[in-house]
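Results of the structural survey
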Amino acid sequence: MIMIIICFLAPWLAMFLRGKVIQGILCILLHLTIIGWIPATIWALAVTRREAA
């Protein structure tokens with residue numbers, strides 16, 4: 001549950017916490033734009049859900 005909240009607030013942090021540094025950097029770049037925030041959040045949720053299963 002905490003990871004889902006982190007995905008919405010800081011998608012790049014969720015990537016870093018999962019050990020995906022390069023994806024986290026790309027997620028920061030996406031998150032810096034208003035348009036890219038939504039895809040970054042979806043991407044972080046997908047990675048979090050995939051690794052939780």
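Residues numbered from 1 in each chain as written. Predicted model: local features only at pLDDT ≥ 70, side-chain atom pairs only at ≥ 80, totals over all residues. Heavy atoms only, no water.

For the protein chain, the name recorded in an unreviewed UniProt entry is Proteolipid membrane potential modulator, with Methylobacterium phyllostachyos as its organism. The UniProt entry for the protein chain carries the following comment under Sequence similarities (unreviewed entry): "Belongs to the UPF0057 (PMP3) family." Taken from UniProt, the Subcellular location (unreviewed entry) comment for the protein chain reads in full: "Membrane". (UniProt positions renumbered as here; feature names shortened; annotations may be inferred.)

Quick look at the side chain of Thr-41 now. The topology assignment puts Thr-41 in helix α4 (residues 34-52). There is a polar contact of 2.9 Å between the side chain of Thr-41 and the backbone oxygen of Trp-37. Excluding anything up to four places from it in sequence, Thr-41 contacts Cys-7, Phe-8 and Pro-11. (Helix = DSSP H or I, 4+ residues; strand = E, 2+ residues; numbered from the N terminus. Polar contact = N/O pair within 3.5 Å; in protein donor to acceptor, adjacent residues only side chain to side chain. Contact = heavy atoms within 4.5 Å.)

In the numbering used here, UniProt assigns the "transmembrane region" (unreviewed entry) feature to residues 29-48. Structurally, residues 29-48 is divided into 90% helix and 0% strand, and its ends, taken at the C-alpha atoms, are 19 Å apart.

Glancing now at the nonpolar core. By size, the foremost hydrophobic cluster in this structure holds five residues: Met-3, Ile-6, Cys-7, Ala-14 and Ala-44. By residue number, the principal contributor to this core is helix α1 (residues 2-9), which donates three residues. (Core = buried A, V, L, I, M, F, W, Y, C linked by side-chain atoms within 4.5 Å. Buried < 20%, exposed > 50% of the residue type's maximum accessible area, 1.4 Å probe, protein only.)

Position of Met-1 among the secondary structure elements: in the segment before α1. Residue Met-1 is classed as exposed on the basis of its relative accessible area of 75%. Residues Met-1 and Met-15, spaced 14 residues apart in sequence, show a C-alpha to C-alpha distance of 15 Å.

Attention now goes to the packing of aromatic side chains. Taken as a whole and judged by the stated rule, the model has one aromatic pair. Ring geometry for Trp-12 versus Phe-16: centroids 6.2 Å apart, planes at 70 degrees, classification edge-to-face. Here Trp-12 pairs with Phe-16, and both are found in helix α2 (residues 11-17), just four residues apart, close to one helical turn. For Trp-12, a relative accessible area of 29% corresponds to the partly exposed category. (Phe/Tyr/Trp six-rings, centres within 6.5 Å; stacked < 30°, edge-to-face > 60°.)

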